[in-house]
There are 2 protein chains.
Amino acid sequence: MNMKNNNLVIMAGGVGSRFWPMSTPECPKQFIDVLGCGRTFIQLTFDRFKGIVEPENVWVVTSAKYADIVKEQLPEVPVENILLEPCRRNTAPCIAYVSWRIKAKNPKANLVITPSDHIVMNTDEFKRVISSALSFTAETDAIVTLGMTPTRPETGYGYIQADLSTASLRNSSVFRVDSFREKPDLQTAQEYIKKKEYFWNSGIFVWSVKTIVNALRVYQPNLAEIFEGMLPVYGTDKEQETIDKRFPECENISIDYAVMEKAEEIFVMPADFGWSDLGTWGSLHTLAEKDDNDNAIIGNEVKLYETKNCIIHTSEERKVVVQGLDGYIVAEKDDTLLICKLSEEQRIKDFSAR
Amino acid sequence: MNMKNNNLVIMAGGVGSRFWPMSTPECPKQFIDVLGCGRTFIQLTFDRFKGIVEPENVWVVTSAKYADIVKEQLPEVPVENILLEPCRRNTAPCIAYVSWRIKAKNPKANLVITPSDHIVMNTDEFKRVISSALSFTAETDAIVTLGMTPTRPETGYGYIQADLSTASLRNSSVFRVDSFREKPDLQTAQEYIKKKEYFWNSGIFVWSVKTIVNALRVYQPNLAEIFEGMLPVYGTDKEQETIDKRFPECENISIDYAVMEKAEEIFVMPADFGWSDLGTWGSLHTLAEKDDNDNAIIGNEVKLYETKNCIIHTSEERKVVVQGLDGYIVAEKDDTLLICKLSEEQRIKDFSAR
């Protein structure tokens, strides 16, 4: 595998409304040090690919309003690799844009597409899996998605059903996809995890730029036409102006619907590297380090009395005293404070909208 | 009554630790707009005496470190009327200092002494009672304390037992004091309020400067000697330097122990003007305006869901969302947040000390 062809695409346009008030439209969770470890999610994502992708081959697609945050948090990424969407159109237009853009620069490029706000606990295993997938797509026209070995009957993720009888000859840990499944109810999720062929859909994709561009031409000709038509402006000072005009014309559609569920040559690579998309306060509580009373505390000056099963998330310098809470989120950022039962966290999106 | 002789003394040296974090050693509760009405407690105290005492006859005794806050909050008060204690020595030395200081300026002065952090709901009735008391002490050597008609068996206040058979000839609403009673237990408090002769000790005193100076000479000769000895420096640029040296020598003693419980000519004037010393979050909850779920909310951007019997105290611009709390204090100020059961509020002093 020629590392020079490896490219990383970080999708960083989300607004993270379920993590309000820590995550706000001005600074969503991918730009926040959610775990209190000193690096934001997008920085941790970038860090995971060190040794696999050169910094000049890292691309970030995000909303125009986050351009400055990305430049500040990822100074290693060339400014021209930060692609700015003028509006939100889900993952397919995002991936189409960056794919044509990369192809214009390097038609032999080999890509990993990843969200910017996931957690990976075992970075060594992550690197091994990603390298293996990139080797595979460097030599094939395969569309590869990473499938996470499920550890619980999670109803918050989509699932991928693999055909485990079809290991690829080139890579024995890559299998054909039988079907994609929407987020299941609990009973269905429990059935899934009893079987060996169901995996969590991580939203991490690996493919060559040639493969994804061809797939988009076949399954999304309207999208393909827009980005093909922009070939003369990629890398020029007309690019932003043109994308601002044409991007809003794109259909709002996920890459799963646009390509994955339609294409034939779809593969899944099972993996187990301590992954979480940490979409909710509850999952942060599950993952974070906890004290003896099962409190996850992010903040330096937090004192708890008769308090258990809580998440306290505040800034370093903020002094917080909590007495007598059980099972609550206490989260604050800038000028906003949220106190909410963990069991009611699905309502946070509504709270933040008011 | 000659209004020109009326003087007001506001004692404003307290640290208000039970109201942490709203009240801090840097800015205790008398300097805070606790009720969210646009005026701080000391400003409300000043306001209540308009029409009774001229601003140039208003005196504030406080800690040296609060000098700037007092100047800022009470610009009407002459700077030379702000007396600065170098250390805390309870109410007797405070009152002794200001009494000798006022006597040096006007030996005919007639004084009201008041704490700076009490609440009065009925200001008209307050003015009527104070004016009546001042008329009485202008013509007599009486030491008068205001006794509040109790509305509940409060165990947080001291009580005054009046001899209701001894109405003064000069003022039919002034009675001799039979005894002062410490904060009672609940059973005792219940017995007190069944009888008509028990009143809450408000800590508001009325007397002529001549009377209090004489009383201090008789009952606290050591204190009297210190402030008598300072006669040459009052109103000069040597005053602060001298007080800084001599004030620490004063015994730490309350005016109740120092004079009230020793003197003979002590009177109580019963009054009922919606008074509270608002010493605790619980009393704030009792007094403040409440929503339909018995929540007292101070703050402009507070949204509550399934929340009742709480106090939410925050700043105007702070956005707060609370879901699912019953009977809690949520209070924040500057860089500090407190969440605590109302029933545990006696521990707040400890929380703040850490």
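Not measured: the values here are computed from a predicted model.

1. Observations regarding helix α7 (residues 221-228) of chain B
All names here are of chain B. Those residues of α7 that sit buried are Leu223, Ala224, Ile226 and Phe227. In an axial view of α7, the angular spread of the buried residues amounts to 160 degrees, which keeps them on one side of the axis. Summarising the contacts, the buried residues of α7 are in contact with α3 (91-105), α6 (209-219) and α8 (239-246).

2. Here's the deal with the side chain of Thr62 of chain A
Along the polypeptide, Thr62 of chain A turns up in strand β2 (residues 58-63). With residues near it in sequence (within four places) discarded, Thr62 of chain A still touches Ala12, Gly13, Phe31, Val70, Ile82, Leu83, Leu84 and Glu85 of chain A.

3. Here's the deal with the sheet that holds strand β15 (residues 319-323) of chain B
Two orientations exist for strands paired in a sheet by backbone hydrogen bonds: parallel and antiparallel. Strand order in the open sheet formed by six strands is β12(A)-β14(A)-β16(A)-β17(A)-β15(B)-β13(B), and the pairing between neighbours is mixed. Two strands lie at the open edges of the sheet, namely β12 (296-298) of chain A together with β13 (301-305) of chain B, each paired on one side alone. The sheet shows a mean angle of 5 degrees between the axes of neighbouring strands, direction not considered. Bridge count between β13 of chain B and β15 of chain B: five bridges; the pairing is parallel. Opposite Val302 of chain B, over in β15 of chain B, you have Val320 of chain B as the bridge partner.

4. Observations concerning a positive patch on the surface
On the surface, Arg18, Lys65, Arg88, Lys183 and Lys349 of chain A cluster together into a patch of positive charge. For Arg88 of chain A, the location among the structural elements is in the loop between β3 (82-85) and α3 (91-105).

5. Looking at the pairing of strand β6 (residues 143-148) of chain A
Every other side chain in a regular strand lies on the same face of the sheet, so the side chains alternate between the two faces. Residues and elements named next belong to chain A. Across the six residues that make up β6, a large majority, six, are buried. Burial along β6 is two-sided: Ile143, Thr145 and Gly147 and Val144, Leu146 and Met148, pointing in opposite directions, are all buried. Direction of pairing for β6 relative to strand β10 (residues 266-271): parallel, over a ladder of six bridges. Bridging across to β10, Val144 finds its partner in Phe267. Looking at chain direction, β6 and strand β9 (residues 198-208) are connected through four bridges and run antiparallel.

6. Some words on the packing of aromatic side chains
Applying the stated criterion across every chain yields a total of 34 aromatic pairs over all chains. Each ring, one from Phe351 of chain A and one from Tyr305 of chain B, has its centre 4.3 Å from the other, and the planes form 25 degrees; the classification is stacked. Taken together, the residues span two chains, with Phe351 of chain A in helix α11 (residues 348-353) and Tyr305 of chain B in strand β13. Classification of Tyr305 of chain B as buried rests on a relative accessible area of 13%. Of the aromatic side chains, those joined through ring pairs into one cluster are Tyr97, Trp100, Phe227, Tyr234 and Phe247 of chain A. Sitting over the ring of Phe126 of chain A, Arg48 of chain A keeps its end group 5.4 Å from the ring centre.

7. Let's talk about the relation of the copies chain B and chain A
Superposition of the two copies of the chain requires a rotation about an axis and a shift along the axis. Expressed as a screw transformation, the operator carrying chain B onto chain A has a rotation angle of 179 degrees and an axial translation of 0.0 Å, and the superposed copies differ by an RMSD of 0.1 Å. On the angle and the small slide along the axis, the relation comes out as a two-fold axis. Mapped onto chain A, 100% of the interface residues of chain B are again interface residues, and the two copies thus contact each other with one and the same surface.

8. Description of the pattern of salt bridges
The tally for this structure, following the rule as stated, stands at 30 salt bridges over all chains. One salt bridge in this structure joins Arg176 of chain A and Glu265 of chain A, with 3.3 Å as the shortest N-O distance. Taken together, the positions of Arg176 of chain A in strand β8 (residues 175-181) and Glu265 of chain A in the loop between α9 (255-260) and β10 put the pair 89 residues apart, joining distant regions of the chain. With a relative accessible area of 39%, Glu265 of chain A lands in the partly exposed category. Notably, a salt bridge pairs Glu344 of chain A with Arg347 of chain A, separated by 2.8 Å at the nearest N-O pair. In this structure Glu344 of chain A comes out as partly exposed when scored by relative accessible area, which is 22%. Beyond isolated ion pairs, a larger network of salt bridges with shared partners links Arg318 and Glu332 of chain A together with Arg318 and Glu332 of chain B.

9. Notes on the interface of chain B and chain A
Each partner contributes residues to the interface: chain B has 27 residues there, and chain A has 27 residues. Across the interface of chain B and chain A, roughly 2,500 Å² is buried in total on both sides, 51% from carbon and sulfur atoms. Taken together, chain B and chain A are joined by six salt bridges. Between Arg318 of chain B and Glu332 of chain A there is a salt bridge, and its shortest N-O distance comes to 2.6 Å. Every element with two or more residues in the side of chain B that touches chain A is listed here: β15, β16 (328-333) and β17 (336-341) of chain B. The greatest single-element share of the side of chain B that touches chain A, amounting to six residues, is contributed by β17 of chain B. Across the side of chain B that touches chain A, the residue classes break down as 13 nonpolar, three polar and eleven charged.

10. Re the layout of surface pockets
All names here are of chain B. The space that makes up the second largest pocket amounts to roughly 1,500 Å³. Contributing to the lining of the second largest pocket are 49 residues, with Arg18, Asn90, Thr91, His118 and Asp277 lying nearest its centre. Residue assignment for the lining of the second largest pocket shows that the elements contributing at least two residues are α3, β8 (175-181), β9 (198-208), α9 (255-260) and α10 (281-287). Considering every element that reaches the lining of the second largest pocket, the biggest residue donor is β9, with four residues. Taken together, the residues that form the lining of the second largest pocket break down as 15 nonpolar, 19 polar and 15 charged.

11. A few points about the state of the cysteines
Residues and elements named next belong to chain B. Counting across every chain of the model gives zero disulfides over all chains. With no disulfide of its own, Cys94 lies closest to Cys250 among cysteine sulfurs, the gap being 10 Å. Judged by its relative accessible area of 4%, Cys94 is buried. Of all cysteine sulfurs, the one in Cys340 lies closest to Cys310, which takes part in no disulfide; the gap is 11 Å.

12. So, the packing of α3 of chain A against helix α7 (residues 221-228) of chain A
Residues and elements named next belong to chain A. Packing of α3 against α7 brings their axes to within 10 Å, and their N-to-C directions diverge by 40 degrees. The orientation of α3 relative to α7 falls into the category oblique. In this structure, α3 crosses over α7, and the sense of that crossing is right-handed. Between α3 and α7, the residues in contact are Ala92, Pro93, Ala96, Tyr97 and Trp100 and Leu223, Ala224, Phe227 and Glu228, respectively. When the residues that make up the contact of α3 with α7 are grouped by side-chain class, the tally is eight nonpolar, no polar and one charged.

13. What to know about the side chain of Gln161 of chain B
Residue and element names in this part refer to chain B. Summarising the element assignment, Gln161 is placed in strand β7 (residues 159-163). Given the relative accessible area of 11%, Gln161 is considered buried. A polar contact is formed between the side chain of Gln161 and the side chain of Arg181, at a distance of 3.1 Å. A polar contact is formed between the side chain of Gln161 and the side chain of Tyr198, at a distance of 3.4 Å. Apart from residues lying up to four places away in sequence, Gln161 is in contact with Arg176, Val177, Asp178, Ser179, Arg181, Glu197 and Tyr198.

About the cut-offs
Residues numbered from 1 in each chain as written. Chains lettered and ligands numbered in written order. Predicted model: local features only at pLDDT ≥ 70, side-chain atom pairs only at ≥ 80, totals over all residues. Heavy atoms only, no water. Buried < 20%, exposed > 50% of the residue type's maximum accessible area, 1.4 Å probe, protein only. Helix = DSSP H or I, 4+ residues; strand = E, 2+ residues; numbered from the N terminus. Arc of directions from axis to C-beta. Contact = heavy atoms within 4.5 Å. Pairing = 2+ DSSP bridges. Axes fitted to C-alpha atoms, helices over the stretch in contact; angles between N-to-C directions. Patch = residues over 30% accessible without salt bridge, like charges linked within 9 Å, V, L, I, M, F, W, Y side chains within 5 Å. Areas by Shrake-Rupley, 256 points an atom, 1.4 Å probe, with all protein chains shown as cover. Salt bridge = Lys/Arg side-chain N within 4 Å of Asp/Glu carboxyl O. Lys, Arg positive; Asp, Glu negative; His and termini not counted. Charge placed at Lys NZ, Arg CZ, Asp CG, Glu CD. Phe/Tyr/Trp six-rings, centres within 6.5 Å; stacked < 30°, edge-to-face > 60°. Lys NZ or Arg CZ within 6 Å of the ring centre and 35° of its normal. Least-squares fit on C-alpha atoms with pLDDT ≥ 70 in both. Buried area = accessible area lost by both parts, 1.4 Å probe. Nonpolar A, V, L, I, M, F, W, Y, C, P; charged D, E, K, R; others polar. 1 Å grid on protein atoms, 1.4 Å probe; cavity = no way out; pocket = protein on both sides within 12 Å on 5 of 7 lines; lining within 4 Å. Points joined across faces, edges and corners; volume = space filled by probe spheres on them. Disulfide = S-S within 2.5 Å. Parallel < 35°, antiparallel > 145°, perpendicular 65-115°, else oblique. Left-handed = near helix turned anticlockwise from the far one by under 90°. Polar contact = N/O pair within 3.5 Å; in protein donor to acceptor, adjacent residues only side chain to side chain.

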